Amino acid sequence: MANNTSEIKINITVDENKVPEDIRWTANDGGIVNEQAKAMLLSIWDSKVQETLRIDLWTKEMPVDEMKVFFHQTLVAMADTFERATDDKKMSDTMRDFCAYFAEKLELHKK
């Protein structure tokens, strides 16, 4: 039985100061082909050193108000993922409480 593989490709165009100007990604299995993005957060677990490796990028065109919504949605998704991965509903609900607090302080629900 052969293993299937899936590829996610990310292309970053940077300026002379290595600041991202354009982020494009492709995930053929998901029907995504060369789609533009303004920001990305990627975390990868290195079990050998028990450490998270991260790539956090955003383009010059990413408005601060969109960045705040992006972070809020990412935090909510992390709470959901944490619950699926650990089955720890109590801590997941605590994380969601923080997400609600975060949104309230940034006045995200008033838009």
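Our subject is the structure that appears above.
Residues numbered from 1 in each chain as written. Predicted model: local features only at pLDDT ≥ 70, side-chain atom pairs only at ≥ 80, totals over all residues. Heavy atoms only, no water.

**Brief notes about the pairing of strand E4 (residues 39-46)**
Relative to strand E5 (residues 51-58), E4 is paired through eight bridges, and the arrangement is antiparallel. Counterpart to Ser43 in the pairing with E5 is Arg54. Hairpin connection from E4 to E5: four residues lie between these consecutive antiparallel strands, with Gln50 at a positive phi of about 55°. (Pairing = 2+ DSSP bridges. Helix = DSSP H or I, 4+ residues; strand = E, 2+ residues; numbered from the N terminus.)

**Quick look at the packing of helix H1 (residues 64-86) against helix H2 (residues 89-105)**
It is at 8 Å that the axes of H1 and H2 come closest, and there the two elements cross at 170°. Here H1 lies roughly antiparallel to H2, going by the angle between them. Along its contact with H1, which presents Lys68, Phe71, His72, Leu75, Val76, Met78, Ala79, Asp80, Phe82 and Glu83, the element H2 presents Lys89, Met91, Ser92, Met95, Arg96, Phe98, Cys99, Phe102 and Ala103. In the contact of H1 with H2, the residues fall into twelve nonpolar, two polar and five charged. (Axes fitted to C-alpha atoms, helices over the stretch in contact; angles between N-to-C directions. Parallel < 35°, antiparallel > 145°, perpendicular 65-115°, else oblique. Contact = heavy atoms within 4.5 Å. Nonpolar A, V, L, I, M, F, W, Y, C, P; charged D, E, K, R; others polar.)

**A word on the sheet that holds strand E3 (residues 32-37)**
In spatial order, the strands read E1-E2-E3; together these three strands make up an open sheet with antiparallel pairing. Edge positions in the sheet fall to strand E1 (9-14) and E3, since each has one partner strand and no second. Across the sheet, the mean angle separating the axes of adjacent strands is 20° when strand polarity is ignored. Judged from the six bridges that link them, E1 and strand E2 (residues 20-27) form a sheet pairing that is antiparallel. The residue of E2 that forms the bridge with Ile12 is Ile23.

**Remarks on the packing of aromatic side chains**
Counting across every chain of the model gives three aromatic pairs. Aromatic side chains Phe70 and Phe71 sit 6.1 Å apart centroid to centroid with 80° between the ring planes, which places their arrangement in the edge-to-face category. For Phe70, a relative accessible area of 23% corresponds to the partly exposed category. Their ring planes at 50° and their centres at 5.9 Å tell us that Phe98 and Phe102 sit as a pair that is tilted. You can see Phe98 and its partner Phe102 sitting in helix H2, four residues apart, about one turn around the helix. Under the relative-accessibility criterion, Phe98 is labelled partly exposed at 41%. (Phe/Tyr/Trp six-rings, centres within 6.5 Å; stacked < 30°, edge-to-face > 60°. Buried < 20%, exposed > 50% of the residue type's maximum accessible area, 1.4 Å probe, protein only.)

Function-wise, these values are silent; they only describe arrangement.
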